[in-house]
Every structure is written in C-alpha cells, then in structure tokens.
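One-letter residues, chain by chain:
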Amino acid sequence: MKIIKIREALRHLEKVSQEIRYTSLVDGPRLSAGLISFSPRKQGDAKQIKHRDRDVLCQVLKGRGRLRIDGRRISLRKGTICHIPKGTPHDFAAGKNNHLVLFYSLIKTV
C-alpha cells in the first residue's frame, strides 16, 4: 500500500525539458503512475509519442491545455479524464497562459 499527497508530490517534479517536469509515484511491471506538468510552449507542436504496449489514463489536476490525438485537438481543463489506447500517437500542451498538470497511469495491456 502507498499513500500519496498530491500537493507534496508536486514539490518533487523533476525537469525533463523546458516544457515538461514530472515525478513517478508508482512503478511496476504492469502499472506506472505519476504526475506530469507542462509549461506553455514557445514553439509549435511537439513530436507525438506512443506507448506500444500500454494504455494511458490521465486526469487533469490543474490548469488548461490540449490533447492532440488522431488529427484532433481536444481542450483540457481540471477534472477531464482521458484514455489513450496503446499505440496511439498523442501529445499534450499547456494553454498559452496556463500550466497543465496531469495525473497519469500507464497500464500494460495484453
């Protein structure tokens, strides 16, 4: 069992790039979960990523932004939950004046 306080975990986000900070909360063979924060971008759309053997399930905790998937841009705001099937190219971005903070889970599928 593990108990995580979101407010405390947000203090431990590590910088991945100018735009992205994250922390892992749970890491196992079939499930990984953590927090990821996106700052507003200075340039155009980033390269999309895909997880070939894992579904993505995430919830917007703070801010606003967008999810780009299947040629669509979907607006995101606090409380939105997204499911992205394995192998689906996608990316997230914060709004122009907002940070976007997500709780994410990567779930290994068979």
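Structure shown above.
Numbers given for residues are sequential positions, taken from 1 along each chain in its written order. For a predicted model such as this one, the threshold for reporting local features is a pLDDT of at least 70, and the threshold for listing and counting side-chain atom pairs is 80 or more; totals across whole chains, interfaces and linings nevertheless cover every residue. Hydrogens and waters are ignored; side-chain quantities use all the structure's heavy atoms.

Before we move on, can you summarise the environment of Arg 11 with the specific residues and values?
Summarising the element assignment, Arg 11 is placed in the loop between helix 1 (6-10) and strand 1 (14-15). The sequence separation of Arg 11 and Thr 23 amounts to twelve residues, and the corresponding C-alpha distance is 9.3 Å. Any pair of N or O atoms that falls within 3.5 Å is considered a polar contact. Within protein, one atom must be able to donate a hydrogen and the other to accept it, and sequence-neighbouring residues count only if both atoms are side-chain atoms. A distance of 2.6 Å separates polar atoms of two side chains, one belonging to Arg 11 and the other to Glu 8. Numbering of helices and strands runs from the N terminus, with a helix taken as a DSSP run of H or I at least four residues long and a strand as a DSSP run of E at least two residues long.

Got a sec to walk through the pattern of salt bridges? Specific residues and values, please.
Any carboxyl oxygen of Asp or Glu that lies within 4 Å of a side-chain nitrogen of Lys or Arg is treated as forming a salt bridge with it. Tallied over the entire structure, the rule returns seven salt bridges. Put simply, Arg 41 and Glu 19 hold a salt bridge, and the shortest N to O gap is 3.2 Å. Placement of the pair is Arg 41 in the loop between strand 3 (31-38) and strand 4 (54-69) and Glu 19 in the loop between strand 1 and strand 2 (20-27), with a sequence separation of 22 residues. Classification of residues uses two cut-offs on accessible area relative to the type maximum, computed with a 1.4 Å probe and protein chains only: under 20% is buried, over 50% is exposed, and between them is partly exposed. For Glu 19, a relative accessible area of 12% translates into the label buried. With a shortest N-O distance of 3.2 Å, Asp 91 and Arg 66 are connected by a salt bridge. With a gap of 25 residues between them, Asp 91 in strand 7 (residues 90-94) and Arg 66 in strand 4 connect regions that are remote in the sequence. As far as the burial class goes, Asp 91 and Arg 66 line up, both buried. A cluster of three or more residues bridged by salt bridges with shared partners is formed by Glu 19, Arg 41, Arg 66, Arg 68 and Asp 91.

Can you break down the side chain of Glu 19 residue by residue, with the values?
Polar contacts involving the side chain of Glu 19 include one to the side chain of Arg 41, which spans 3.2 Å. In what follows, residue pairs with any heavy atoms lying within 4.5 Å of each other are defined as contacts. Every residue in contact with Glu 19, bar those within four places of it in the chain, is listed here: Ser 37, Phe 38, Ser 39, Arg 41, Phe 92 and Ala 93.

Please give an account of a nonpolar patch on the surface that cites residues and values.
Together, Ile 4, Ile 6, Val 26, Leu 31, Leu 57, Ile 81 and Ile 107 give the surface a local cluster of nonpolar side chains, amounting to about 510 Å² of exposed area. Inspection of the secondary structure assignment puts Leu 57 in strand 4. To count toward a patch, a residue needs a relative accessible area over 30% and no salt bridge; like charges are then connected within 9 Å, while nonpolar side chains (Val, Leu, Ile, Met, Phe, Trp, Tyr) are connected within 5 Å. Working definition of accessibility: Shrake-Rupley area with a 1.4 Å probe, residue cover restricted to the visible protein chains.

Account for the packing of aromatic side chains, naming residues and giving values.
Side-chain rings of Phe, Tyr and Trp, where Trp is taken by its six-membered ring, are said to pair if the distance between their centres is within 6.5 Å; with planes under 30 degrees apart they count as stacked, over 60 as edge-to-face, and otherwise as tilted. Taken as a whole, this structure holds one aromatic pair when the rule is applied. Plain terms: the ring middles of Phe 38 and Phe 92 are 5.9 Å apart, the flat faces sit at 35 degrees to each other, and that makes the pair tilted. Taken together, the residues span a long stretch of sequence, with Phe 38 in strand 3 and Phe 92 in strand 7 at a distance of 54 residues.

A description of the nonpolar core should follow, citing residues and the corresponding values.
Note on terminology: a nonpolar core comprises buried Ala, Val, Leu, Ile, Met, Phe, Trp, Tyr and Cys residues joined through side-chain atoms within 4.5 Å. If you look at the biggest cluster of nonpolar residues, it comprises 16 residues, and the most contacted ones within it are Phe 38, Leu 67, Leu 76, Phe 92, Leu 100 and Leu 102. Among the elements of the structure, strand 3, strand 4, strand 6 (81-84), strand 7 and strand 8 (100-108) are those that each provide at least two residues to this core. With five residues, strand 4 is the largest single contributor of residues to this core. Counting residues in hydrophobic clusters, the runner-up holds six residues, among them Ala 9, Leu 13, Leu 25 and Leu 35.

How would you sum up the pairing of strand 3? Please name residues and give values.
Two faces belong to every sheet, and in a regular strand the side chains alternate between them. Burial runs high along strand 3: seven of the eight residues are buried. When DSSP finds two or more bridges between two strands, those strands count as paired. Here strand 2 runs beside strand 3; their pairing, made up of seven bridges, is antiparallel. Directly across from Val 26, in strand 3, lies its bridge partner Ala 33. From the end of strand 2 to the start of strand 3, which pair antiparallel, there are three residues. As judged from the eight bridges shared by strand 3 and strand 8, these two strands associate in the antiparallel manner.

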